[in-house]
Every structure is written in structure tokens, then in C-alpha cells.
2 protein chains.
Amino acid sequence: MAGSESANSRYVRHSRDDVADAALRILDEYGLPDLTMRRLAAALEVQPSALYWHFPNKQTLLAELADRIVARPAPQVDAEAGWVDRTRAESAGLRDALLAYRDGAEVVSSTFAFGLGASAPLNRLAETIAAGGFDAETSHRAATALLHFILGHVSHEQQRLQFDSLGVLADGVTPDAVEGGENQADAFAFGVTLFVTGLDRSTISQ
Amino acid sequence: MAGSESANSRYVRHSRDDVADAALRILDEYGLPDLTMRRLAAALEVQPSALYWHFPNKQTLLAELADRIVARPAPQVDAEAGWVDRTRAESAGLRDALLAYRDGAEVVSSTFAFGLGASAPLNRLAETIAAGGFDAETSHRAATALLHFILGHVSHEQQRLQFDSLGVLADGVTPDAVEGGENQADAFAFGVTLFVTGLDRSTISQ
DNA sequence: ACCTGAACACCGTTCAAGT
DNA sequence: ACCTGAACACCGTTCAAGT
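Residues numbered from 1 in each chain as written. Chains lettered and ligands numbered in written order. Predicted model: local features only at pLDDT ≥ 70, side-chain atom pairs only at ≥ 80, totals over all residues. Heavy atoms only, no water.

Trainee: Describe the packing of aromatic side chains, with residues and values.
Mentor: Scanning the entire structure with this criterion turns up 9 aromatic pairs over all chains. On the basis of an interplanar angle of 85 degrees and a centroid distance of 5.5 Å, the ring pair of F114 of chain A and F163 of chain B is categorised as edge-to-face. Remark: F163 of chain B occurs in helix α8 (residues 136–166) and F114 of chain A occurs in the loop between α6 (104–113) and α7 (119–130); the pair is interchain, linking two chains. Taking the relative accessible area as the measure of exposure, F114 of chain A reaches 31% and is therefore partly exposed. One aromatic cluster in this structure is built from F149, F188 and F195 of chain A together with F149, F188 and F195 of chain B. Above the ring of Y30 of chain B, the side-chain terminus of R39 of chain B is found at 4.4 Å from the ring centroid. (Phe/Tyr/Trp six-rings, centres within 6.5 Å; stacked < 30°, edge-to-face > 60°. Helix = DSSP H or I, 4+ residues; strand = E, 2+ residues; numbered from the N terminus. Buried < 20%, exposed > 50% of the residue type's maximum accessible area, 1.4 Å probe, protein only. Lys NZ or Arg CZ within 6 Å of the ring centre and 35° of its normal.)

Spelled out as C-alpha cells, the structure:
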């Protein structure tokens, strides 16, 4: 039954998954500004209008990419670890997932702000935090705040990666003045620590 | 000497400030997606190409708008207040400034991520935090983390304002399920508290 | 000093029609 | 079920030329 259509395909024919796969490749190779519907269509060797059979619009396609980017398995952490260490690990894992694709943070950030998708990492963070004994609203607010920091930080980080690779630096900014490499990871961990420490010591509701 | 040019102007003639003023009006009235160079030119009754005498490109124009949006005077705070309350006040003031223009947070966020401008609020936050006795790097990192949270939170907040005004809600999301109005201010204050509490209790360097 | 006119090289999206 | 072909209504930017 399967495989009987491979010989008589009249033109290209793709699945929704094919489209998302190709989009993810273009994103990673050329960046978000170059991920246009027309360029994507050309890569798939179809007309731009063909894409609208698979996705109603570009925004929905980007939401699908965002979901894939954050769909990484959460990092394994010591079973005895408390909610603080688990939240740290979850945050670091999310950062890794965003860094795994060029402009990954931008894509997730924009669809998150748009209200579409990207709720998976929010829920994961909220659940991890809730294990600390916080009520649902506190956990949700803390997770949202932490997620905003993470998305902003990694977006910034990826923006710098591109600047550096293009050799573009703002006037008067020497390469040393810009934090790069491991410093970025340190700054990220520092920000996460600020959050969990604040939450841990908070007497708001626990 | 002044005023002798008003009668014999051959065509429209604008200053760089005129252009930024008009752009800010379009931004506030129609939102960032509708702030195009062509629409701006039309509002000023000039050709699109005329804008490029005043600004080298759109990105630079947006950076100018970002600078104006955050140029609000910092809120007055009790002279005896400590760095925690001052940081809270500075954060709330920045939120107000961003909320004062439609899509204000998006504009500032994008130019901040781009590396242009928006350094004024970062410096203000860093200085306020440094008054708590933290070293320069810690203050800078904490200010950056806080700023990322603020920009993400207010962007999200403004995105929701537009959704609500359009009557658009994601499937299955009831209006009650979405935090609105004063809840957003509460959630914002909660996030800021997480930060300053974490920093206050932090033994990293103080 | 500031603008016009015309062009270049693009966008996202719609829709009737084809296979 | 999936794509073509053609169009609509736009974009940002450049550059020679005008006043």
C-alpha cells in the first residue's frame, strides 16, 4: 500500500513536515531575516502560494518552528535535587535549545509575545517551581518572569554572535568591552540565580 | 535673520526632529507594523527618499524613537530610600515610559537587542543598583537581567492590549484566564521583587 | 540644505484553476 | 491532496538630478 505514489508524482509534493524542516534549515543557515516565504518556496522548488496549503500564514509557520526548537528533552538532573537546582537545569536546558538554532530565541520570543505556542517551556518552568511549594499563581508569575529574562538574554546573546561574525561593532566599543563566550554563560547563570534566590527567600506565599 | 525662509519655501522642508516627531505619532496611533518609511513620508508629504537625508536607514530612526521613549525623567523617590526602593521606582518608571507609546517596549527591545541606543535605562538601573554596594560587573549584570525582564514583560503586556482591543483571543482562552489590568502591574512588581530580593540576599559579591 | 523622480530588488497573501 | 500562474498591494533603499 505504501510506496505506490513515488513513481507517478506530477510535480514536487511535500508534507507539512517537509515545509517545517526546510524552514528550520534556512533559519539555521541564513537567519530569521532571510527566512521568507518566497525563499522557502524556492528551496522546496514550489511556488510561494503552495506553502499556504500547509500553513495559513507565516506567523503559524514560525510558531511551529518555535515549538520544534523548544521541544528538546529536559536535561536529566539528580533525582534528589531540589526545585532550585531543577529550575537552574531547566533554564540552562532551555538556553541550550535556543542556542541550537540561529535566531532561535528571536523566533520563540516573537511567537511567545504573539500568544501562539511556546507554552511548553513556560509550563515546564512553572511545574518545576511549583515543586518548591508555591501556589499556582506565584509559580506561573515566577516562570513567566524567568522566561522573559531567558528569552531576552539569549536573543541578545545571539544578536552579538552575528555582529561578531560580521565583524561589526558599534563605534567606540572594543571587542574586550563586549562580554563573549563563557562570560555570557556566567551572566546567564547569574540572572537565573537572582530569580531563584529571590523566590526562595520570598515570604509572599510559600 | 530668522523667519525669512517661510515665504519662499519651494517644497515641504523638514528637520530631523520633524521626522522623528511624525514617526512617533504614527507609532502611537497605528503601531509598529504600520510605521513604514513610505507611510511616514506620506504623513510628512514628501517622497520616501527624502527621509534618507535625515536618517541613514530605518533602524537608526527606530533607535532615535527608542531614545525618546525612555528619555522620561526618572520618578522622584524619597531621598532616604535605599537602593531596593530606588530600583523598584526606576523599574516602574521605565515600565510607564514604555507603556506611554503603543509598541514602545517592542521598539526599545529591538534596538537594545540590535546594540543601538537604549543604553540610558541600562545605565540608570546599573547605577541605582551599584548604590547597594555591588561591584561594577555585578551591577551591570543585574541591571541587564532586570532590563530583559522589563522589556519582555511590557512587550507581552502591550501585545495583549492590542489583542484585546481587536477582540482576538486564542482558541480556548477565556478573557478571565488572561491576566489584565492591575494584575499586570502586580505581576510586574512581583518580577522586580524577585530580582532585587535575590540580589539583596546574594552573597556573590557585596 | 533638503527634496523629487524613477528605479531596483524585494515582500506576504489570495484565488481560480489544474492534476 | 497538493500545486501552478497570475495578480494585488505593498516593502526599504539608492542615486542622479533639481532648487
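Trainee: Before we move on, can you summarise the packing of α6 of chain A against helix α8 (residues 136–166) of chain A with the specific residues and values?
Mentor: Residue and element names in this part refer to chain A. At a closest axis distance of 8 Å, the pairing of α6 and α8 adopts a crossing angle of 140 degrees. Here α6 is positioned oblique relative to α8, judged by the angle of their axes. The interaxial crossing formed by α6 with α8 has left-handed handedness. Listed contacts from α8 to G104, A105, E106, V108, S109 and F112 of α6 are L147, H148, L151, V154, S155, Q158 and Q159. Partitioned by chemical class, the residues of the contact of α6 with α8 number 6 nonpolar, 6 polar and 1 charged. (Axes fitted to C-alpha atoms, helices over the stretch in contact; angles between N-to-C directions. Parallel < 35°, antiparallel > 145°, perpendicular 65-115°, else oblique. Left-handed = near helix turned anticlockwise from the far one by under 90°. Contact = heavy atoms within 4.5 Å. Nonpolar A, V, L, I, M, F, W, Y, C, P; charged D, E, K, R; others polar.)

Trainee: Tell me about helix α1 (residues 16–30) of chain B, and name the residues and values.
Mentor: Residues and elements named next belong to chain B. Relative to the 21 Å expected for 15 residues at 1.5 Å per residue, α1 spans 21 Å between its end C-alpha atoms, a close match to the ideal helical length. Those residues of α1 that sit buried are V19, A20, A22, A23, L24, I26 and L27. Residues of α1 that are buried sit in contact with α2 (37–44), α3 (51–54), α4 (58–69) and α6 (104–113). Looking at the residues trailing α1, positive phi occurs at G31, about 90 degrees. (Expected span 1.5 Å × (residues − 1).)

Trainee: Explain the packing of α8 of chain A against α8 of chain B to me, using residue names and the numbers behind them.
Mentor: Contact pair α8 of chain A / α8 of chain B: the axes reach a minimum separation of 8 Å and the direction vectors enclose 110 degrees. For the element pair α8 of chain A / α8 of chain B, the angle class is roughly perpendicular. Facing α8 of chain A, whose interface residues are A145, H148, F149, G152, H153 and H156 of chain A, α8 of chain B presents A145, H148, F149, G152, H153 and H156 of chain B. When its residues are assigned to classes, the contact of α8 of chain A with α8 of chain B shows 4 nonpolar, 8 polar and no charged.

Trainee: Account for the interface of chain B and chain A, naming residues and giving values.
Mentor: Counting residues at the interface gives 30 residues for chain B and 30 residues for chain A. Summing the contributions of chain B and of chain A, the shared interface buries around 2800 Å²; its carbon and sulfur component is 70%. Summed over the three residues of chain B that lose the most area to chain A, namely R141, F190 and L194 of chain B, the buried surface amounts to 24% of that side. Between chain B and chain A we count 0 salt bridges in total. Across the chain B-chain A interface, the total number found is 6 residue pairs in polar contact (both at pLDDT 80 or more). At the level of elements, α6, α8 and α9 (182–201) of chain B are the ones that each hand at least two residues to the side of chain B that touches chain A. Sorting elements by how many residues they give to the side of chain B that touches chain A places α8 of chain B first, with 13 residues. (Buried area = accessible area lost by both parts, 1.4 Å probe. Salt bridge = Lys/Arg side-chain N within 4 Å of Asp/Glu carboxyl O. Polar contact = N/O pair within 3.5 Å; in protein donor to acceptor, adjacent residues only side chain to side chain.)

Trainee: I'd like a rundown of the relation of the copies chain B and chain A, residues and numbers included.
Mentor: It takes a turn of 180 degrees to lay chain B on chain A, together with a shift of 0.0 Å along the axis; the resulting RMSD is 0.0 Å. The transformation relating the two chain copies, once decomposed into turn and shift, fits a two-fold axis. Looking at the rotation axis and the C-alpha trace of chain B, the residue lying nearest is G198 of chain B, at 1.8 Å. Mapped onto chain A, 100% of the interface residues of chain B are again interface residues, and the two copies thus contact each other with one and the same surface. (Least-squares fit on C-alpha atoms with pLDDT ≥ 70 in both.)

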